[in-house]
Amino acid sequence: MTKFDLRREDCIAGMSRLAEGSVDLVVTSPPYNLGIRYGKYSDHQDRRSYLGWCGEWAEQVRRVLRSDGSFFLNIGAAPSNPMLPHEIVMTLRDLFVLQNTIHWIKSIAIDTEEARTSVSDPHLNPLSAPPGRDPNPDAERRVRVGSDTKTFGHFKPINSSRFLNDCHEYVFHFTRSGRVELNRLALGVPYQDKSNITRWLHTRGKDQRCRGNTWFVPYQTIQSREKERPHPATFPVQLAEWCIKLHGTSRVRSMLDPFLGIGNSAVAAQRCGVKKFLGFEIDDAYLSEAKRRIASGRPGRSRK
């Protein structure tokens, strides 16, 4: 059972009292400075002040993170302000190594009708191939044609003649060294082309490959934000679960979320059996909701 330590406290002050190198995993999503209406936090700072503040809390994250730990940072942008996530990465570059960039896909449109490609397609016929390699391994590849399109997931539509609907966010995977090993197959998916199982030695005969750095994780639909998701900016529990599993669930003895919100990362830690979880939140209402959700997920506890 997960031991929780949830504190109503500013995360910079709170983390400053934690022991150095005491945390295996950090999964969090700070305010984006895009004017979102939070309960106790003003999401309107000038850019320099906001980035300076990000540097302050990131310094504490680096101090408490173990040398083999992972720090997953979820950041989104506005279509009219696309550089913000990248500016945060640049602010943190002297503290961490950006080991992976994950694209969290919230909504996607897919052409569902298929047609076989022609072997004469020049994109499927390389001029040369390494010795022993099939010179045309993609001859049976299928491509999509756009006569039957389906959409999956959810997004917030915008009314603009200049910008596209924003259907994704970033999850930046930071480490202290850039050399932290991950459990890539914890999120593994089966091969579409089963011949790859015997073609590649690294499969070791198993029908499972790395999912890659595009994660389709849609929001669950809700009827009432006030009752079901009383926070203006949350990531799905599944997103945090995947971060835990990718780092390696058995290696996560202690997990931290400096910006707890209503506790989606805490719920993920509970589901994955993380031994110890620590979270900071400055808003009483959000913290109470996080505690309620954790309590409702424990065996033998009634939903309040």
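My aim in this report is to walk through the structure given alongside it, one point at a time.

Quick look at the overall build of the protein chain
Per the secondary structure count, the protein chain includes eight helices and twelve strands. The buried share of the protein chain, reckoned over its 304 residues, is 41%. In the protein chain, the share of contacts with a sequence separation of at least 24, taken over all contacts with a separation of at least 6, comes to 76%. Only carbon and sulfur atoms are counted for the fraction: they give 48% of the accessible area of the protein chain, which is about 17300 Å².

A closer look at the nonpolar core
With 33 residues, the main nonpolar core has Val-27, Phe-72, Trp-215, Ile-244, Met-255 and Phe-277 as its most contacted residues. Elements represented by at least two residues in this core include exactly β1 (3-8), β2 (23-28), β4 (97-105), α6 (237-247), α7 (264-272) and α8 (284-297). The element that contributes the greatest number of residues to this core is α6, accounting for seven residues. Residues within four places of Ile-244 in sequence aside, it is in contact with Leu-25, Thr-249, Val-252, Met-255, Ala-268, Ala-269, Cys-272 and Val-274.

Overview of the sheet that holds strand β11 (residues 254-257)
Taken in spatial order, the eight strands make up an open sheet running β1-β12-β11-β2-β3-β9-β4-β10, and their pairing is mixed. The open sheet has two edge strands, β1 and β10 (214-216), and neither has a second partner. Looking at each pair of strands side by side, their axes are set apart by 20 degrees on average, direction ignored. With five bridges connecting them, β2 and strand β3 (residues 65-75) associate as parallel partners.

A closer look at the packing of aromatic side chains
Scanning the entire structure with this criterion turns up 13 aromatic pairs. With a centroid separation of 5.5 Å and 80 degrees between ring planes, the pair formed by Trp-215 and Trp-242 is classed as edge-to-face. Placement of the pair is Trp-215 in strand β10 and Trp-242 in helix α6, with a sequence separation of 27 residues. Through pairs of rings, three or more aromatic residues link up here, namely Tyr-50, Trp-53, Trp-57, Phe-71, Phe-96, Tyr-170, Phe-172, Phe-174 and Phe-259. Over the aromatic face of Trp-104 sits the side chain of Lys-106, whose NZ or CZ is 5.4 Å from the ring centroid.

Digging into a nonpolar patch on the surface
Taken together, Ile-108, Ile-110, Phe-152 and Phe-216 make up a surface patch of nonpolar side chains, about 290 Å² in accessible area. One can find Phe-216 in strand β10.

Looking at the environment of Ser-70
Structurally, the position occupied by Ser-70 is in strand β3. Sequence separation between Ser-70 and Leu-25 is 45 residues, and the spatial gap between their C-alpha atoms is 5.1 Å. Side chain to side chain, Ser-70 and His-173 meet in a polar contact 2.9 Å long.

Concerning unusual backbone geometry
Although it is not a glycine, Arg-204 adopts a positive phi angle of roughly 50 degrees. Along the chain, Arg-204 falls in the loop between α4 (196-199) and β10.

Looking at α7
In terms of burial, α7 is a largely internal element, eight of the nine residues being buried. For α7, the full list of buried residues reads Asn-264, Ser-265, Ala-266, Val-267, Ala-268, Ala-269, Gln-270 and Cys-272. Of the surrounding elements, those touching the buried residues of α7 are β1, β2, α6, β11, β12 (276-281) and α8. Gly-273, located one to two residues past α7, shows a positive phi value of around 75 degrees.

About the cut-offs
Residues numbered from 1 in each chain as written. Predicted model: local features only at pLDDT ≥ 70, side-chain atom pairs only at ≥ 80, totals over all residues. Heavy atoms only, no water. Helix = DSSP H or I, 4+ residues; strand = E, 2+ residues; numbered from the N terminus. Buried < 20%, exposed > 50% of the residue type's maximum accessible area, 1.4 Å probe, protein only. Contact = heavy atoms within 4.5 Å. Areas by Shrake-Rupley, 256 points an atom, 1.4 Å probe, with all protein chains shown as cover. Core = buried A, V, L, I, M, F, W, Y, C linked by side-chain atoms within 4.5 Å. Pairing = 2+ DSSP bridges. Axes fitted to C-alpha atoms, helices over the stretch in contact; angles between N-to-C directions. Phe/Tyr/Trp six-rings, centres within 6.5 Å; stacked < 30°, edge-to-face > 60°. Lys NZ or Arg CZ within 6 Å of the ring centre and 35° of its normal. Patch = residues over 30% accessible without salt bridge, like charges linked within 9 Å, V, L, I, M, F, W, Y side chains within 5 Å. Salt bridge = Lys/Arg side-chain N within 4 Å of Asp/Glu carboxyl O. Polar contact = N/O pair within 3.5 Å; in protein donor to acceptor, adjacent residues only side chain to side chain.

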